[in-house]
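Working through the structure, step by step
Each chain, written out:
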Amino acid sequence: MGGISIWQLLIIAVIVVLLFGTNKLRTLGSDLGASIKGFKKAIGDDNTPPANTTEKNSHDADFTAKPITDKQPEAKTEESKNKEQV
């Protein structure tokens, strides 16, 4: 007698859907699922080291780095114009 029956849970669910709407509840559920998935991944990453640590350290990004001395010719011409005006 003291427990909550299935009909009472159903009435509560209908009231929650009416208050918040299905879109809000859907995004809330997907956000909650993504956060739990990220939490599990973070816990799992601490226990297992990455397989290719040397490869990740040698290539930080998908592009090759250019030296600073290789400037575009447009930038040099703008700098010379600014110096002439001063």
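The model shown is predicted, which means the values in this text are computed figures rather than measured ones.

What about the overall build of the chain?
In terms of regular secondary structure, the chain is built from four helices and zero strands. The order of α-helices and β-strands along the chain, N terminus first, is α-α-α-α. The buried share of the chain, taken over its 86 residues, is 0%.

Concerning helix H1 (residues 6-20)
In this model, H1 (15 residues) spans 21 Å end to end at C-alpha, consistent with the 21 Å of a helix rising 1.5 Å per residue. Glycine 21 occupies a position one or two residues after H1 and carries a positive phi of about 90°.

Quick look at the confidence of the model for the chain
On average, residues of the chain carry a pLDDT of 75, and 53% of them reach 70 or more. Per-element confidence in the chain is highest for H1, whose mean pLDDT is 93, and lowest for helix H3 (residues 53-58), whose mean pLDDT is 52.

How each quantity is defined
Residues numbered from 1 in each chain as written. Predicted model: local features only at pLDDT ≥ 70, side-chain atom pairs only at ≥ 80, totals over all residues. Heavy atoms only, no water. Helix = DSSP H or I, 4+ residues; strand = E, 2+ residues; numbered from the N terminus. Buried < 20%, exposed > 50% of the residue type's maximum accessible area, 1.4 Å probe, protein only. Expected span 1.5 Å × (residues − 1). pLDDT = per-residue confidence, 0-100.

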